[in-house]
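Chain by chain, the residues:
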Amino acid sequence: GIDVRLALQTNGTLLTDEWVKLFEELNISVGLSLDGTENATKGRIFRSNNKNAYHEIIQGINLLHKNNYPVSILSVINIDEKPENIYMHLKNNNISFADFLYQDKTYDNRQESDSQISSWLIELFNLWYNDNSSNKPFIRSFDIIIGLVLGVERGNETVGRKNNNTICIKPNGNIQAVDNLMVCGNEFTKTKYNVFENTIDESLETPLIKKYYNSHTNKELSTQCKKCTIKNICGGGHLAHRYSINNGFDNPSVYCREIFKLVLQIQNRLIDDMAKF
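**Considerations on the overall build of the chain**
Item 1. When helices and strands are tallied, the chain shows 10 helices and 7 strands.
Item 2. For 277 residues, the compact-globule estimate of 2.2 N^0.38 gives 19 Å, and the C-alpha radius of gyration of the chain, at 20 Å, lies within 12% of that figure.
Item 3. If one aligns the C-alpha atoms of the chain with their principal axes, the spans along those axes are about 55 × 50 × 45 Å.
Item 4. Counting only residues that meet the buried cut, the chain has 44% of its 277 residues in that class.
Item 5. Taking the average location of the 30 positive side-chain charges in the chain and that of its 32 negative ones, the two points are 5 Å from each other.

The structure is reproduced here in structure tokens:
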């Protein structure tokens, strides 16, 4: 009675026609990790020679296109590149689906420049929202917030009020909390559980995995978040981004202001458009 969906996230540098054919046969969706232009992708390098992997990733995208396979992109937000360049890069490479992830930060390693993310995302949203072309990419994070503003029950690990139905199983069978939480400290996500000796239900009772599962509920929100006017849209943000050595997870997201400004921009655009009808 369980619907199993298989997906692969890759940088695409080792994709071949044979692999794509196998993915198609097994109904495996493929997502590529690419942060945008070559300039924005400077952090994606080969460990063997320290060279930038951008051109090899683009070759992987082109291979998927050649095989008529849908191309989905996951990008880490890089404010060093202009949103217009990022957006045009998506369109020029015929990306059909994209999403943008906040860099994993806590209160102990946040930088002042992170405050610029809100204006970056708002500019990107406006480019996307105003685009009426036939090759407009679907951007998941914007679409989710639009749905939430309109009262649709939606969400992911960063926004919304839904439970986070995700755990991490390592190649050796060890069960851990999701990798994003590793930003909180060394061995932070480790548990004593392993799939060869324990059940998934047992692992869900570990404090960190349980906290992550419920991280958008009132029980796990900070006092400030509980009083916030957009808590049902934001959901407190990603659990990892709430962490500090002093307070643990009893904080708003380090991206609280950035998310708030983005939500207000999206809400205002929707209200303006609905007033025209």
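**Points about the pattern of salt bridges**
Item 1. Taken as a whole, this structure holds 12 salt bridges when the rule is applied.
Item 2. Across the pair Asp-17 and Lys-66 runs a salt bridge, and its minimum N-O distance is 3.0 Å. You can see Asp-17 sitting in helix α1 (residues 17-25) and its partner Lys-66 sitting in helix α2 (residues 54-66), a full 49 residues away along the chain.

**Notes on helix α3 (residues 83-92)**
Item 1. Restricting attention to buried positions, one finds in α3 the residues Pro-83, Ile-86, Tyr-87, His-89, Leu-90 and Lys-91.
Item 2. Contacts from the buried residues of α3 go to α2, β4 (97-101), α4 (117-129) and β5 (138-139).
Item 3. Taken from the residues just after α3, Asn-94 is the one with a positive phi, measuring 55 degrees.

**Side note on the confidence of the model for the chain**
Item 1. Summarising the model, the chain shows a mean pLDDT of 94, and 100% of its residues fall at 70 or more.
Item 2. Across the chain, the element-wise mean pLDDT spans from 92 in helix α6 (residues 200-203) up to 97 in α4.

**Comments concerning the packing of aromatic side chains**
We describe a pair of aromatic rings using the distance from one ring centre to the other and the angle between the two ring planes.
Item 1. Overall, the coordinates contain 11 aromatic pairs when judged by the stated rule.
Item 2. Ring geometry for Phe-97 and Phe-138: centres 5.4 Å apart, planes at 20 degrees, overall stacked. One end of the pair, Phe-97, is in strand β4; the other, Phe-138, is in strand β5, and 41 residues separate them in sequence.
Item 3. On the basis of relative accessibility, which here comes to 25%, the residue Phe-97 falls in the partly exposed class.

**With respect to the sheet that holds β4**
Item 1. Reading across from one edge, β1-β2-β3-β4-β5 is the order of the 5 strands in this open sheet, with parallel pairing throughout. In this open sheet, the two edge strands, each paired with only one partner strand, are β1 (6-10) and β5.
Item 2. As defined by bridge partners, β4 adjoins β5 across 2 bridges and the pair is classed as parallel. Among the inter-strand pairings, Ala-98 is bridged to a residue of β5, identified as Ile-139.

**Digging into unusual backbone geometry**
Item 1. Of note in the backbone geometry, Asn-27 takes a positive phi value of approximately 55 degrees without being a glycine.
Item 2. In this structure, Asn-27 sits in the loop between α1 and β2 (28-33).
Item 3. Even without glycine at this site, Asn-94 takes up a positive phi of about 55 degrees.
Item 4. Relative to the assigned elements, Asn-94 resides in the loop between α3 and β4.
Item 5. Judged by relative accessible area, Asn-94 falls into the partly exposed class, the value being 48%.

**What about the packing of α4 against helix α10 (residues 256-274)?**
Describing two packed helices takes the angle between their axes plus the distance from one axis to the other.
Item 1. Packing of α4 against α10 leaves a shortest axis separation of 8 Å and a crossing angle of 25 degrees. By the angle between their axes, α4 is roughly parallel relative to α10. Between α4 and α10 lies a crossing whose hand is right-handed. Where α4 approaches α10, its residues Ile-117, Ser-118, Leu-121, Ile-122, Phe-125, Asn-126 and Tyr-129 are matched on the opposing element by Glu-258, Lys-261, Leu-262, Gln-265, Ile-266, Arg-269, Leu-270 and Asp-273.
Item 2. Classifying every residue of the contact of α4 with α10 gives 8 nonpolar, 3 polar and 4 charged.

**As for the pairing of β2**
Item 1. When you tally the buried positions in β2, you get 5 out of 6 residues, the bulk of the element.
Item 2. Handedness of the crossover joining β1 and β2 through α1 is recorded here as right-handed.
Item 3. In terms of strand pairing, β2 meets strand β3 (residues 72-76) through 3 bridges, oriented parallel. Across the sheet, the residue bridging to Ser-33 is Leu-74, located in β3.
Item 4. You can see the chain leave β2, run along α2 and come back into β3, and the turn it takes is right-handed.

**So, the packing of α4 against helix α5 (residues 140-149)**
Item 1. Two numbers describe how α4 lies on α5: the axes approach to 11 Å, and their chain directions differ by 85 degrees. By the angle between their directions, the pair α4 and α5 is classed as roughly perpendicular. On α5, the residues touching Leu-121, Leu-124, Phe-125 and Trp-128 of α4 are Phe-142, Asp-143 and Ile-146.
Item 2. When its residues are assigned to classes, the contact of α4 with α5 shows 6 nonpolar, no polar and 1 charged.

Definitions and limits used
- Sequence order as written defines residue numbering, which begins from 1 separately in each chain.
- Predicted model: local features are reported for residues with pLDDT of at least 70 only, side-chain atom pairs are reported and counted for 80 or more only, and whole-chain, interface and lining totals are derived from all residues.
- To get the side-chain values, all heavy atoms of the structure are used, and hydrogens and water are removed first.
- Counting from the N terminus, the helices are the DSSP runs of H or I reaching at least four residues and the strands are the DSSP runs of E reaching at least two.
- Both definitions apply: the radius of gyration is a C-alpha atom measure, and the globule rule equals 2.2 Å times residues to the power 0.38.
- Buried residues are those whose accessible area, probed at 1.4 Å on protein chains only, stays under 20% of the maximum for their type, while exposed residues exceed 50% and partly exposed ones sit between those limits.
- The charge count treats Lys and Arg as positive and Asp and Glu as negative. His and the chain ends do not count.
- Here the site of a charge means atom NZ of a Lys, CZ of an Arg, CG of an Asp or CD of a Glu.
- In what follows, salt bridge is the name for a side-chain nitrogen of Lys or Arg lying within 4 Å of a carboxyl oxygen of Asp or Glu.
- Contacts are assigned to residue pairs that have any heavy atoms within 4.5 Å of one another.
- The pLDDT score gives, residue by residue, the confidence of the prediction method on a 0 to 100 scale.
- Here the aromatic set is Phe, Tyr and Trp, taking the six-membered ring for Trp, and pairing holds for ring centres within 6.5 Å; pairs whose planes are under 30 degrees apart are stacked, those over 60 apart are edge-to-face, and all others are tilted.
- One requirement defines pairing of two strands: DSSP has to find at least two bridges between them.
- Axis geometry follows a simple rule: fit a line to the C-alpha atoms, using only the stretch in contact for helices, then measure angles between N-to-C directions, giving values from 0 to 180 degrees.
- Each angle receives one of four descriptions, namely roughly parallel if under 35 degrees, roughly antiparallel if over 145, roughly perpendicular if within 65 to 115, and oblique otherwise.
- Working rule for handedness: look at the near helix, and if it is turned counterclockwise from the far one by less than a right angle, call the crossing left-handed; if clockwise, right-handed.
- Gly is put with the polar residues, along with every residue not named as nonpolar or charged; the nonpolar set is Ala, Val, Leu, Ile, Met, Phe, Trp, Tyr, Cys and Pro, and the charged set is Asp, Glu, Lys and Arg.
- Orient the strands so they point away from the viewer, and a crossover whose first-strand-to-second-strand path over the helix runs clockwise is right-handed.

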